[in-house]
Amino acid sequence: ITHRKVRNDMAMTGEITLHGSVLGVGGLAQKIAAARNAGCKAVILPKENEREVGNFSPDLYKGMRLIFVEKADEAFQEALL
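So, here is what we can say about the structure in this document. (Residues numbered from 1 in each chain as written. Predicted model: local features only at pLDDT ≥ 70, side-chain atom pairs only at ≥ 80, totals over all residues. Heavy atoms only, no water.)

Looking at the pairing of strand β4 (residues 42-46)
Turning to step 1, where the next piece is worked out: Burial of β4 is extensive: five of the five residues sit out of reach of the surface.
Turning to step 2, where the next piece is worked out: Looking at chain direction, strand β1 (residues 10-12) and β4 are connected through three bridges and run parallel. Counted as the bridge partner of A11 is V43 from β4.
Turning to step 3, where the next piece is worked out: Of the strand pairs in this sheet, β4 and strand β5 (residues 65-69) are connected by five bridges, and their pairing is parallel. Bridging across to β5, P46 finds its partner in V69. (Buried < 20%, exposed > 50% of the residue type's maximum accessible area, 1.4 Å probe, protein only. Helix = DSSP H or I, 4+ residues; strand = E, 2+ residues; numbered from the N terminus. Pairing = 2+ DSSP bridges.)

Some remarks on the environment of E48
Turning to step 1, where the next piece is worked out: Within the secondary structure, E48 is located in the loop between β4 and α2 (50-53).
Turning to step 2, where the next piece is worked out: Classification of E48 as exposed rests on a relative accessible area of 56%.
Turning to step 3, where the next piece is worked out: For the pair E48 and I16, spaced 32 residues apart in sequence, the C-alpha separation works out to 12 Å.
Turning to step 4, where the next piece is worked out: Once residues lying within four places of it in the same chain are set aside, the contact partners of E48 are V22, L23 and G24.
Turning to step 5, where the next piece is worked out: Polar side-chain contacts of E48 include one of 3.2 Å to the backbone nitrogen of G24. (Contact = heavy atoms within 4.5 Å. Polar contact = N/O pair within 3.5 Å; in protein donor to acceptor, adjacent residues only side chain to side chain.)

Observations regarding helix α1 (residues 28-37)
Turning to step 1, where the next piece is worked out: Among all positions in α1, only L28, I32, A33 and A35 are buried. Angular distribution of buried residues about the axis of α1 spans 160°; they occupy a single face of the element. Exposed and oriented more than 90 degrees from the buried face of α1 are Q30 and N37.
Turning to step 2, where the next piece is worked out: On its buried side, α1 packs onto β1, β4 and α2.
Turning to step 3, where the next piece is worked out: At the C-terminal side of α1, G39 shows a positive phi close to 90°. (Arc of directions from axis to C-beta.)

Quick notes on the sheet that holds β1
Turning to step 1, where the next piece is worked out: Strand order in this open sheet of three strands is β1-β4-β5, and the pairing throughout is parallel. Each end of this open sheet is capped by a strand with a single partner; those strands are β1 and β5. The mean angle between the axes of side-by-side strands here comes to 20°, regardless of whether they run parallel or antiparallel.
Turning to step 2, where the next piece is worked out: Contacts from helix α3 (residues 72-79) reach β1, β4 and β5 within the one sheet, and its direction differs from that of β5 by about 150°. (Axes fitted to C-alpha atoms, helices over the stretch in contact; angles between N-to-C directions.)

Some remarks on α3
Turning to step 1, where the next piece is worked out: Residues of α3 that are buried: A72, A75 and A79. The buried residues of α3 occupy an angular sector of 60° when projected down its axis, which confines them to one face. Exposed side of α3, more than 90 degrees from the buried face: D73 and Q77 are the residues found there.
Turning to step 2, where the next piece is worked out: Next to the buried residues of α3 lie β1, β2 (15-16), β3 (22-23), β4 and β5.

Okay, here's the thing in structure tokens:
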């Protein structure tokens, strides 16, 4: 729609409602590990999952930027070039 390119070094997870809210998801440790293994430098995650990430070993996301969002607009601002 915007004709803007999407960053190729970033991963995203979460569910988006029809109103644009980003909902939390499960299996976050595995998703972060998969993004790291794929060479991603940043991951966009639901704000609802921020507390959960605090329980993970920092080694899981070492060298990665974790971006927590509540709205889809925030995710688009980070992901689009």
